[in-house]
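Structure assessment
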Amino acid sequence: MKEKINTIKQKSIEEIENVSDLKSLEDIKIKYLGKKGELTAVLRGMKDLSADERPIIGSLVNEVRDTLEEIIEQKEQQFKREELNQRLQKEKIDITLPSNKLKRGSIHPLNRVIEDIEDLFVSMGYDVVEGPELETDEYCFERLNLPKGHPARDMQDSFYITDKYLLRTQTSSVQARTMVANEEKSPIRIITVGKTYRREDDATHSHQFNQIEGLVIDKKERNVSLADLKGTLEVFVRKIIGANLDLRFRPSYFPFTEPSYEVDVTCFKCGGKGCNLCKQTGWIEVLGSGMVHPNVLKINGYDPEKYRGFAFGTGIDRLAMFRYGITDMRYLYANDVRFLNQFDRKDEE
Ligand code: DAH
């Protein structure tokens, strides 16, 4: 019996030493240690041995099994290492090759400005509302104190669809819509942002552009005043365009406000010294504003004796141009990725 076990030991060790791949090693393992393996067969035959022999043979078989398992394991590791090394040799990666660059989009500069404006006004308690781009003459002009034939209509060359409908020339139409919709006459504090259309097209004007409009109305005793308007616009300009800018209120004319003001800010190109951008004045006009005209209140269902408010409006495209130093408004609409890519994370830089 002992001899048989020793022969198995010698034979199997020899085979393991000479094995050349993992698969054959596995076969040898099964051949000796498997359920029907040679060494297992010896264990099975132990029942025929005498009680004296049994523990001696048993421990010998166990010893041989342990030895075999150990050298098989070593051999296995060796094969695996060799295989890995071969693969590493074969699958060398050339890290100097150009990679497939991950293409990442960026938020359009206009939308960045719009989001910032909305965030700012929401933080001051305003609602953000919307109005239609295809507007009626009534809401675009008449309800804003611009009756048919009013000369101020000439300031806004319009795209009429029919006699009644046009593409809105200003978001001021949403002022009228908000007032008319507010039947209970609760305090109004809204901004609206959206597309507007006029028949013009050059480096600083596009036939389609974007405006923001703000409207605040409250009972007279709440004293909504020019001071509130001024404070609001100061915050707006300094947060959205530049923290160090000064503001100048210049008397002006709009049919829907009285008194009316245009708001100028320090020229951000020359800092107020005078340059080609500000036409040597040191100031750049950015906003229209004023106290809501009594006629506008009346036409839209408010008693001018009881209510008061202010309004303001401006083109967002121009704000984006100022903020990012864009020289031609048409870049904003050309969808040229070379232009748009420049705004990838621009504000975080
Ligand atoms: N709607 C005017 C425009 O497009 C801008 C404007 C001026 C809006 C004065 C206002 C305002 O709300 O009070 O030129």
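Above this note sits the structure.
Please read all numbers here as calculations on a predicted model, not as lab measurements.

**A short note on the environment of Gln 10**
In this structure, Gln 10 sits in helix H1 (residues 2–18). Residue classification places Gln 10 among the exposed positions, given a relative accessible area of 58%.

**Considering the site of the ligand**
If you check the shell around the ligand, you find 16 residues, and the closest are Gln 170, Ser 172, Arg 198, Gln 211 and Glu 213. Take Ser 172: an N or O atom from its side chain is 2.9 Å from a nitrogen atom of the ligand. Between the ligand and Phe 312, the relevant distance is 3.3 Å, taken from an oxygen atom to a main-chain nitrogen or oxygen of the residue. Bound to the protein, the ligand loses 91% of the 360 Å² it would expose on its own. Mapped onto the shell around the ligand, the elements with two or more residues apiece are strand S6 (208–219), strand S9 (283–292) and strand S10 (307–315). Counted by class, the shell around the ligand contains four nonpolar, ten polar and two charged residues.

**Notes on a nonpolar patch on the surface**
Residues Leu 134, Ile 161 and Tyr 165 make up a contiguous nonpolar surface patch of roughly 280 Å² in combined accessible area. By the element assignment, Leu 134 lies in strand S2 (residues 134–136). On the basis of relative accessibility, which here comes to 45%, the residue Leu 134 falls in the partly exposed class.

**A few points about the sheet that holds strand S7 (residues 247–254)**
With respect to topology, seven strands assemble into an open sheet ordered S1-S5-S6-S10-S9-S8-S7, the strand pairing being mixed. The open sheet terminates on both sides in strands that have one partner only, identified here as strand S1 (127–129) and S7. Strand-to-strand twist across the sheet, computed as the mean angle between neighbouring axes with direction ignored, equals 25°. Taken together, the four bridges between S9 and S10 define a ladder with antiparallel strand orientation. Note that in S10 the partner of Met 291 across the bridge is Phe 310. Contacts from helix H7 (residues 173–181) reach S1, strand S5 (188–197), S6 and S10 within the one sheet, and its direction differs from that of S6 by about 35°. Of the strands in this sheet, S6, S7, strand S8 (257–266), S9 and S10 touch helix H8 (residues 226–240), which is tilted by about 145° from S9.

Parameters at a glance
- The written sequence of each chain sets the order in which its residues are numbered from 1.
- Local features in this predicted model are restricted to residues of pLDDT 70 or higher, and side-chain atom pairs are both shown and tallied only at a pLDDT of 80 or more, whereas totals for entire chains, interfaces and linings draw on every residue.
- The side-chain quantities take in all heavy atoms of the structure and omit both hydrogens and water.
- Secondary structure counts use DSSP, requiring at least four H or I residues in a row for a helix and at least two E residues in a row for a strand, with both numbered from the N terminus.
- Only protein chains enter the accessibility calculation, which uses a 1.4 Å probe; a residue is then buried when its area is under 20% of its type maximum, exposed when over 50%, and partly exposed in between.
- It suffices for a single heavy atom of a residue to lie within 4 Å of a molecule or strand for the residue to be listed as near it.
- Here a polar contact is taken to be a pair of N or O atoms separated by no more than 3.5 Å, where protein atoms must pair a possible hydrogen donor with a possible acceptor and residues adjacent in sequence count only if both atoms sit in side chains.
- Residue-level accessible areas treat just the shown protein chains as cover; the underlying method is Shrake-Rupley with a 1.4 Å probe.
- Throughout, the ten residues Ala, Val, Leu, Ile, Met, Phe, Trp, Tyr, Cys and Pro are labelled nonpolar, Asp, Glu, Lys and Arg are labelled charged, and all others, Gly among them, are labelled polar.
- Exposure above 30% relative accessible area and the lack of any salt bridge qualify a residue for a patch; like charges then connect within 9 Å, and the nonpolar side chains Val, Leu, Ile, Met, Phe, Trp and Tyr within 5 Å.
- By salt bridge we mean one thing: a side-chain nitrogen of Lys or Arg within 4 Å of a carboxyl oxygen of Asp or Glu.
- The rule for pairing is simple: two strands pair if DSSP sees at least two bridges between them.
- Interaxial angle, 0 to 180 degrees, is taken between N-to-C directions of lines fitted to C-alpha atoms, where a helix line uses only the stretch in contact.
- Contact between two residues is taken to exist if any of their heavy atoms lie within 4.5 Å; hydrogens are not considered.

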